[in-house]
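Breakdown of the fold
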Amino acid sequence: MAAIDYVEKIPNNVSLATDRRLMRALEDWQPKFLHWWREVGPDGFQTKDVYLRTAISVDAQGWAHFDYIRMPEYRWGVFLAEPDPGRLVSFGAHKGSPAWQDVPGEYRGVLRRLVVTQGDTEPASVEQQRHLGRTCPSLYDLRNLFQVNVEEGRHLWAMVYLLQAYFGRDGREEAEALLQRRSGDPDRPRILGAFNERTPDWLSFYMFTYFTDRDGKYQLAALAESGFDPLARTCRFMLTEEAHHMFVGETGIGRIVQRSCELMREHRTDDVRKHGGIDLHTIQKYLNFHYSVSLDLFGSEISTNAANFYTAGLKGRFEETKKADDHVLKEATYPITQLDGERIVVREEPALVTLNERLRDDYVADCQRGVDRWNQAIRRHGIDLELRLPHRGFHRAIGAFADVRMSPDGRILSEAAWDASRREWLPTEEDAAYIQSLMKPVVEPGRFANWIAAPARGINGQPIDFEYVRLE
Ligand SMILES: [Fe+2]
Ligand SMILES: [Fe+2]
């Protein structure tokens, strides 16, 4: 079961060959996907050889295969984690009954919505990142961008498989619509806010892969607990791909921070812009922006939808099966940070309606770990400055803090006070123009743009000056 069939037109480990109807549906969708990829996937580089990894099985060693491939020839396909034959629904009202191998009729609509909402983020990020190849800081980074892009394309395949295999005609229509919406398009935007923002430069790209792909990790982890077993198995395998995207973000920001520190020490100044670097203050502003828009992706603190998804057994908590409670949560409470007039208070609320916030709390703790590592690097350079995650109420558009202005350190502000300081906290047009001015391609193997340090090591044991993309 673990072996992936690459003889088939559509690589898969779901015995596609035995399901003619599904195979025809996917074969009908495949050229439309390729058309979408060529139209709004990476701008340029489609005929170049890129050193990419391809899954050859879904177990831990499954990533063994690295080779040069042209992106449109990437073997996108359908890969599910190994089944667990005795698996039970582990939470909610159906706790203890066998996990569903088919969609329970009563939950068809909500489940489809969950799959579509997740699925929509995957092509959106490819669209957001499509122009970045033109300004890559190195061949190493260019290759990592394309690895992320082809895998987001594969995540779209993962969700489209579920739609086509389990949701009949509605599912087929949703699969088409996933190729028709466009990130940032006013008439047919992607579903979620952060996926309609632009990713205009590489600093934004690393922030996006650190903060926004990490939202993806937590959504996938919650869906990996689903009582609908095909969804759970699909998401479990996607999580292994997602880990690489967050690695790209964390090390990317880490390398920019490192380069800034080097320039600060070398020239004895905080203002490294004069020397072609990105100052820590600007990095902090981009962090504030990407973190706050990613927090919004978790939804409102109090949510009956979240309660319903949980009770229905469709979407669990992060590491649901590792938690020691009743997994029903009818009596439990959970502390929520909220507003009481002008004051920020922490109150116990019924656990079921606060599941969005609990997932957000897990996410916040995870984000903090990377920030701590960047700060260690800053300290190692003997520099007395810290990057910080802003208060969760800062710059929010969804939930309890959407209607107030708040400083990064958690003070509620008047509109005038906000206006006086927002340029200190969020990227300005001048910041964006400066970052843009740095975006010049560097494509000689082993060379890196001046604003980013070289990575600690190459990909798959290759040297740092390996030709990760062949541009000839
Ligand atoms: Fe993804
Ligand atoms: Fe991702």
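Before any of the text, the structure's been laid out above.
Scope of this entry: the structure provided in the associated data block. Quantities reported herein were computed from a predicted structural model and do not represent experimental measurements.

1. A few points about the overall build of the chain
Along its length, the chain carries 11 helices and seven strands. Over its C-alpha trace the chain gives a radius of gyration of 23 Å, about what one expects of a compact globule, namely 23 Å for 472 residues. Its C-alpha atoms give the chain principal-axis dimensions of roughly 65 × 60 × 40 Å. Long-range pairs, those at least 24 residues apart, make up 71% of the contacts in the chain between residues at least 6 apart in sequence. Looking at the chain as shown, the accessible area adds up to about 19,400 Å², and 49% of this sits on carbon and sulfur atoms. Of the side chains in the chain, 61 bear a positive and 71 a negative charge, and the two mean positions are spaced by 2 Å.

2. Section: the environment of Leu 203
With respect to the helices, strands and loops of the structure, Leu 203 is situated in helix H5 (residues 202–223). A relative accessible area of 0% means that Leu 203 is categorised as buried. The spatial distance from the C-alpha of Leu 203 to the C-alpha of Met 439 is 9.6 Å, given a sequence separation of 236 residues. Once you skip the residues sitting within four places of it in the chain, Leu 203 turns out to touch Ile 256, Ile 278, Tyr 286 and Ile 435.

3. Topic: the coordination of the iron ion (ligand 1)
Taken together, Glu 122 (OE), Glu 152 (OE) and His 155 (ND1) make up the full set of protein donors to the iron ion (ligand 1), lying 2.0 to 2.2 Å away. Here the donor residues of the iron ion (ligand 1) share one chain and are spaced in sequence as E-x29-E-x2-H. Between the iron ion (ligand 1) and the iron ion (ligand 2), both coordinated by Glu 152, there is a metal-metal distance of 3.4 Å. Taken as a pair, Glu 152 and His 155 lie in helix H3 (residues 139–166) at a separation of three residues, close to a single helical turn. With respect to burial, Glu 152 and His 155 carry one shared label: buried.

4. Overview of the sheet that holds strand S2 (residues 65–70)
If you trace the three strands from one edge of the open sheet to the other, you get S2-S1-S7, paired in antiparallel fashion. Two strands in the sheet have a free side with no partner beyond their single neighbour: S2 and strand S7 (469–470). Where strand S1 (residues 49–54) lies against S2, six bridges are found, and the strand directions are antiparallel. Looking at the pairing, Tyr 51 lines up with Tyr 68 of S2.

5. A closer look at the coordination of the iron ion (ligand 2)
Summarising the metal site, the iron ion (ligand 2) is bound by the protein donors Glu 152 (OE), Asp 213 (OD), Glu 242 (OE) and His 245 (ND1), whose distances to it range over 2.0 to 2.2 Å. Relative to the metal, the four donor atoms surrounding the iron ion (ligand 2) lie at angles of 87 to 169°, and the coordination shape comes out irregular. One chain supplies every donor to the iron ion (ligand 2), and in sequence these donors are spaced E-x60-D-x28-E-x2-H.

6. Let's talk about helix H1 (residues 20–40)
Its 21 residues give H1 an end-to-end C-alpha distance of 30 Å, which sits within 8% of 30 Å, the value for a rise of 1.5 Å per residue. The set of residues buried in H1 consists of Leu 22, Met 23, Ala 25, Leu 26, Trp 29, Gln 30, Phe 33, Trp 36, Trp 37 and Val 40. Those residues of H1 that are buried are in contact with helix H2 (108–128), H3 and helix H4 (168–178).

7. A closer look at the side chain of Glu 242
Mapped onto the elements of the fold, Glu 242 is located in helix H6 (residues 229–267). Within the buried set, Glu 242 has no salt-bridge partner at all; the shortest N-O distance to an opposite charge, 8.8 Å, is to Arg 154. Discounting residues that sit within four places of it in the chain, Glu 242 has contacts with Glu 152, His 155, Asp 213, Lys 217 and Leu 220.

8. Regarding the packing of aromatic side chains
Enumeration according to the criterion identifies 35 aromatic pairs in this entry. Ring geometry for Phe 33 versus Trp 36: centroids 5.6 Å apart, planes at 40°, classification tilted. Of the two residues, Phe 33 and Trp 36 are both situated in helix H1; the distance of three residues between them amounts to about one turn of the helix. You can call Phe 33 buried: its relative accessible area is 0%. We classify Trp 36 as buried; its relative accessible area is 1%. An aromatic cluster of at least three residues, connected via ring pairs, comprises Tyr 210, Phe 211, Tyr 218, Tyr 291, Phe 298, Phe 318, Tyr 363 and Trp 374. Arg 214 extends its terminal NZ or CZ atom over the ring of Tyr 210, reaching a point 4.1 Å from the ring centre. One Lys or Arg, Arg 470, reaches over the ring of Tyr 68 and ends 3.6 Å from the middle of that ring.

Parameters at a glance
Position numbers for residues count from 1 along each chain, tracking the sequence in the order it is written. All chains are assigned letters beginning at A, and all ligands numbers beginning at 1, according to the order in which they are written. Note on the predicted model: pLDDT of at least 70 is required for a residue's local features to be given, and 80 or more for side-chain atom pairs to be given and counted; whole-chain, interface and lining totals, by contrast, use all residues. Based on all heavy atoms of the structure, the side-chain values leave hydrogens and waters out of the count. Strands here are runs of E lasting at least two residues and helices are runs of H or I lasting at least four, both read from the DSSP assignment and numbered beginning at the N terminus. The atom set for the radius of gyration is the C-alpha atoms, and the globule formula is 2.2 Å times the number of residues raised to the power 0.38. Any two residues having at least one pair of non-hydrogen atoms within 4.5 Å are treated as being in contact. Accessibility throughout is a Shrake-Rupley quantity obtained with a 1.4 Å probe, and a residue counts as covered only by protein chains that appear here. Counted as positive: Lys and Arg. Counted as negative: Asp and Glu, with His and the chain ends omitted from the count. Charged side chains are reduced to one point each, which is NZ for Lys, CZ for Arg, CG for Asp and CD for Glu. For the exposure calls, accessible area comes from a 1.4 Å probe over protein chains only, and a residue counts as buried if that area is under 20% of its type's maximum, exposed if over 50%, partly exposed in between. Each metal's donors are the N, O and S atoms within 2.8 Å of it, or within 3.2 Å when it is Na, K or Ca, and because water is not part of the set, sites may look incomplete. A pair of strands counts as paired when DSSP detects no fewer than two bridges linking them. Just to be clear on the cut-offs, tetrahedral is four donors with all angles between 85 and 135 degrees, square planar is four donors and octahedral six with opposite donors over 155 degrees apart and all others between 65 and 115, and anything else goes down as irregular. Multiplying 1.5 Å by the residue count of a helix minus one yields the expected span of that helix. Here a salt bridge means any side-chain nitrogen of Lys or Arg lying within 4 Å of a carboxyl oxygen belonging to Asp or Glu. Centres within 6.5 Å are what make two rings of Phe, Tyr or Trp a pair, Trp counting through its six-membered ring; a difference in plane orientation under 30 degrees is then read as stacked, over 60 as edge-to-face, and the rest as tilted. Any Lys NZ or Arg CZ found within 6 Å of a ring centre and within 35 degrees of that ring's normal is scored as a charge over the ring.

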